[in-house]
Amino acid sequence: MAAQCVTKVELTIACTNLLDKDVGSKSDPLCVLLQNTSGQQWYEVDRTERVKNSLNPKFSKKFLIDYYFELVQKLKFGIYDIDNKTYDLSDDDFLGELECTLGQIVSSKTLTKPLVLKNGKPAGRGSITITAEEVKDNRVVVLEVEARKLDNKDFFGKSDPYLEFHKQTGDGNWVMVHRTEVIKNNLNPVWRPFKISLNSLCYSDMDKSIKVECYDYDGDGSHDLIGSFQTTMSQLKEASRLSPVEFECINEKKRQKKKNYKNSGIVTVKRCEIIVECTFLDYIMGGCQLNFTVGIDFTGSNGDPRSPDSLHYLSPNGVNEYLTAIWSVGMVVQDYDTDKMFPAFGFGAQIPPSFQVSHEFPINFNPSNPFCNGIQGIVDAYRACLPQVKLYGPTNFSPIINHVARFAAAATQQQTASQYFILLIITDGVITDLDQTRSAIVNASRLPMSIIIVGVGGADFDAMEFLDGDDGVLRSPSGEPAVRDIVQFVPFRKFQNSPKEALAQCVLAEVPQQVVNYFSTYKLLPPKNPAA
């Protein structure tokens with residue numbers, strides 16, 4: 001799948017205490033932005049204007065970048081003292097640089113760091129401040145519409161009306177942007193309230209024409225036009241329950257044929273409200289933390305870790321599919337967690353000292369502090385833990401899901417969008433406690449958490465596909481449905497020959513939408529929200 005461009009971010013740059021390279025006057029700095037594609041190649045994205053005679057420049061030109069949550073986007077900001085007319089920077093004095101990721105910038109909203117020279121030493125007392133802002137119009141229109149006395153188009157029974165909303169493109173063509181549901185057998189229909197972004201409805205232009213058409217639905221696809229009218233957002237937004245805005249539905253063909261034609265019914269807009277919806281970056285920049293937890297499958301079906309055909313076997317360069325999955329997903333998520341302390345658990349092994357089977361043991365064997373320091377800390381703990389445990393069984397997912405759910409439930413007490421939990425479970429796939437796991441997921445779907453399952457090895461992953469609600473709503477054994485889809489499953493083998501970023505791209509692409517859905521459903525605002 002191609003990466004989904006979530007949004008565009010605008011970066012504003014300022015520096016303080018730059019090195020002074022000019023004799024008799026101050027440096028004339030400019031900032032250049034380089035981006036790194038997956039390899040070692042840096043390429044120039046853009047550069048600011050040059051600010052004359054300043055060691056504390058605030059650059060007015062902003063950088064515009066596409067932001068992808070599911071990628072690690074490496075950036076380098078280089079500051080140069082420009083003293084000549086050439087575009088090439090290699091003949092200009094270098095004043096320092098900063099290398100960071102776009103994730104680090106957006107998760108702090110304003111990032112201030114010291115500038116360093118090419119050899120990694122500080123560039124004097126020079127520092128750079130980067131401020132991120134999302135470029136967006138996040139206004140959404142909520143509409144409630146009904147109609148009365150619509151023409152009857154059906155020989156038997158009454159019309160089955162629905163509405164279509166169209167906006168006009170620059171070249172005068174009409175594009176449909178919304179279709180309501182069909183209301184059967186009713187000439188005075190009341191449609192369900194619906195939401196549409198202001199940009200979709202009218203390019204966010206209050207005076208742009210909007211065309212509304214009312215049709216009679218026919219099962220064979222030959223829907224009959226009842227009538228239509230045109231309006232603008234300026235007109236619609238005057239609507240309220242006390243003073244609805246009414247439109248005559250006109251059918252041109254009928255009007256030309258009939259002498260005393262009035263209209264084909266009245267369409268009434270009872271509510272047209274513009275609301276502002278938070279985006280993923282509103283939550284992140286507003287102080288929401290993403291908490292990352294890892295669950296590792298230590299069951300017998302993985303094979304003896306000392307044997308080269310085991311899924312836990314560490315190749316001579318110290319890797320296996322479990323570690324690759326942890327690195328790939330962890331590298332992206334870590335930028336959104338301030339303390340970078342990640343709890344990591346194992347399940348399905350007999351653990352020392354008594355070799356009792358455990359379904360949620362900290363892989364650092366410290367129950368009171370299961371946290372590992374950084375992604376590297378998880379990797380080190382895993383390597384140290386492997387020789388000490390005996391792979392066993394059964395494969396129970398529910399204890400670890402419920403463990404993270406307890407923390408997510410505690411976070412809901414805060415009444416703001418302050419924390420969201422991501423649980424990565426890596427497994428060889430043969431799940432034993434399917435019913436308990438279904439219940440655990442349905443319960444977790446009401447909490448601020450998402451579950452990513454990566455299946456390693458060659459097993460049959462049907463049960464995993466079933467937990468990933470993409471084919472339909474997951475239900476608990478008692479029939480209770482999940483309120484939202486929070487499980488994303490991928491088999492590792494799909495990515496064996498892909499670049500290392502591909503796995504994270506695939507499993508994390510749905511996370512921003514899951515975060516937004518959760519917080520907007522429960523009407524929670526970011527902690528640092530001016531509106532809160």
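Parameters and conventions
Residues numbered from 1 in each chain as written. Predicted model: local features only at pLDDT ≥ 70, side-chain atom pairs only at ≥ 80, totals over all residues. Heavy atoms only, no water. Helix = DSSP H or I, 4+ residues; strand = E, 2+ residues; numbered from the N terminus. Buried < 20%, exposed > 50% of the residue type's maximum accessible area, 1.4 Å probe, protein only. Contact = heavy atoms within 4.5 Å. Areas by Shrake-Rupley, 256 points an atom, 1.4 Å probe, with all protein chains shown as cover. Lys, Arg positive; Asp, Glu negative; His and termini not counted. Charge placed at Lys NZ, Arg CZ, Asp CG, Glu CD. Salt bridge = Lys/Arg side-chain N within 4 Å of Asp/Glu carboxyl O. pLDDT = per-residue confidence, 0-100. UniProt positions renumbered as here; feature names shortened; annotations may be inferred. Disulfide = S-S within 2.5 Å. Pairing = 2+ DSSP bridges. Axes fitted to C-alpha atoms, helices over the stretch in contact; angles between N-to-C directions. Core = buried A, V, L, I, M, F, W, Y, C linked by side-chain atoms within 4.5 Å. Domains from an automatic or database assignment. Phe/Tyr/Trp six-rings, centres within 6.5 Å; stacked < 30°, edge-to-face > 60°. Lys NZ or Arg CZ within 6 Å of the ring centre and 35° of its normal. Expected span 1.5 Å × (residues − 1). Polar contact = N/O pair within 3.5 Å; in protein donor to acceptor, adjacent residues only side chain to side chain.

Our next topic: the overall build of the chain. Helices and strands together make up the secondary structure of the chain, namely 12 helices and 26 strands. The principal-axis extent of the C-alpha atoms belonging to the chain is close to 90 × 75 × 40 Å. For the chain, the proportion of its 532 residues judged to be buried stands at 51%. In the chain, 70% of the contacts between residues at least 6 apart in sequence involve partners at least 24 apart. For the chain, the exposed area adds up to about 25,100 Å²; of that, 51% sits on carbon and sulfur atoms. Put simply, the chain has 55 plus and 64 minus side-chain charges, and the middle of one group is 6 Å from the middle of the other.

Let us now look at helix H11 (residues 501-508). Of all 8 residues making up H11, 7 are buried, and the element is well covered by its neighbours. Each element contacted by the buried residues of H11 is listed here: helix H6 (321-333), strand S25 (449-455), strand S26 (487-491) and helix H12 (511-521).

This part covers the pattern of salt bridges. Within this structure, the stated rule accounts for 23 salt bridges. The partner of Lys8 in a salt bridge is Asp66, and the shortest N-O contact between them spans 2.5 Å. Separated by 58 residues along the polypeptide, Lys8 in strand S1 (residues 7-16) and Asp66 in strand S4 (residues 63-67) bring together distant segments of the chain. The class of Asp66 is partly exposed, set by a relative accessible area of 28%. For Glu480, the salt bridge identified is with Arg446, shortest N-O distance 2.3 Å. Taken together, the positions of Glu480 in the loop between helix H10 (462-467) and S26 and Arg446 in the loop between helix H9 (434-444) and S25 put the pair 34 residues apart, joining distant regions of the chain.

Summing up the model confidence of the chain, the mean pLDDT is 93 and the portion of residues at 70 or higher is 97%. Low confidence marks residues 1-5, where pLDDT is under 50. Its contacts with residues over four positions away, or in another chain, come to 11 contacts.

Attention now moves to the UniProt feature "domain: C2" (unreviewed entry) in the chain. Under the feature "domain: C2" (unreviewed entry), the UniProt entry names residues 1-115 and 124-247. Note that residues 124-247 is 7% helix and 47% strand, and that its end C-alpha atoms are spaced 69 Å apart.

Looking now at the side chain of Ser398. Tracing the backbone through its elements, the reader meets Ser398 in helix H8 (residues 398-411). Each residue touching Ser398, except ones within four places of it in the same chain, is listed here: Asp433, Gln436, Thr437 and Ala440.

This part covers the state of the cysteines. Tallied over the full model, the rule gives 0 disulfides. Left without a disulfide partner, Cys272 is nearest to the cysteine sulfur of Cys202, which lies 9.2 Å away. The exposure class of Cys272 is buried, given its relative accessible area of 7%. In this structure Cys278 is not part of a disulfide, and its nearest cysteine sulfur, from Cys288, lies 11 Å away.

Attention shifts here to the sheet that holds strand S14 (residues 224-231). A sheet is described by the order of its strands in space; here 4 strands give the open sequence S11-S10-S13-S14, paired in antiparallel fashion. The sheet is open, and its two edges are formed by strand S11 (174-179) and S14, each paired on a single side. Taken pair by pair, the neighbouring strands of this sheet meet at an average axis angle of 30°, ignoring direction. Bridge analysis of strand S13 (residues 210-216) against S14 gives 7 bridges, and the strand direction is antiparallel. Directly across from Tyr215, in S14, lies its bridge partner Leu225.

The biggest cluster of nonpolar side chains holds 88 residues, and the ones touching the most others in it are Leu11, Phe77 and Phe298. For this core, the element with the highest residue contribution is H6, accounting for 7 residues.

What follows deals with the pairing of strand S6 (residues 93-101). Of all 9 residues in S6, 7 are buried, a share of seventy percent or more. Relative to S6, strand S5 (residues 74-81) runs antiparallel, the two being bridged by 8 bridges. What sits directly across from Lys76, in S6, is Glu99.

Another point: the environment of Val456. Within the secondary structure, Val456 is located in the loop between S25 and H10. In this structure Val456 comes out as buried when scored by relative accessible area, which is 1%. Through-space distance from the C-alpha of Val456 to that of Leu314 is 14 Å; in sequence the pair is 142 residues apart. Residues within four places of Val456 in sequence aside, it is in contact with Leu311, Glu321, Tyr322, Ile426, Thr427, Asp428, Phe461 and Phe492.

As far as domains go, the chain holds domain 1 (7-135), domain 2 (139-276) and domain 3 (281-522). Put simply, the middle of domain 1 and the middle of domain 2, counted by C-alpha atoms, are 51 Å apart.

This part covers the packing of aromatic side chains. For the coordinates displayed, the defined rule picks out 20 aromatic pairs. Each ring, one from Tyr162 and one from Tyr217, has its centre 6.5 Å from the other, and the planes form 70°; the classification is edge-to-face. With Tyr162 in strand S10 (residues 161-168) and Tyr217 in the loop between S13 and S14, the pair connects residues that are 55 residues apart, well separated along the chain. Residue Tyr162 is classed as buried on the basis of its relative accessible area, which comes to 4%. Relative accessible area serves as the criterion here: at 28%, Tyr217 is assigned to the partly exposed category. Chaining the aromatic ring pairs together yields one cluster made of Tyr283, Tyr420, Tyr518, Phe519 and Tyr522. The ring of Phe94 has Lys118 lying over it, and the distance from NZ or CZ to the ring centre is 4.4 Å.

Glancing now at H6. Taking 1.5 Å of rise per residue, the 13 residues of H6 would be expected to cover 18 Å, and the 18 Å separating its terminal C-alpha atoms lies within 8% of that figure. Of all 13 residues in H6, 10 are buried; the element is thus mostly enclosed. The complete set of buried residues in H6 reads Glu321, Tyr322, Leu323, Ala325, Ile326, Ser328, Val329, Gly330, Val332 and Val333. Buried-residue contacts for H6 involve strand S17 (289-297), helix H7 (374-385), strand S24 (419-427), S25 and H11. Its side-chain oxygen 3.0 Å from the backbone nitrogen of Tyr322, Asn320 forms the N-cap of H6.

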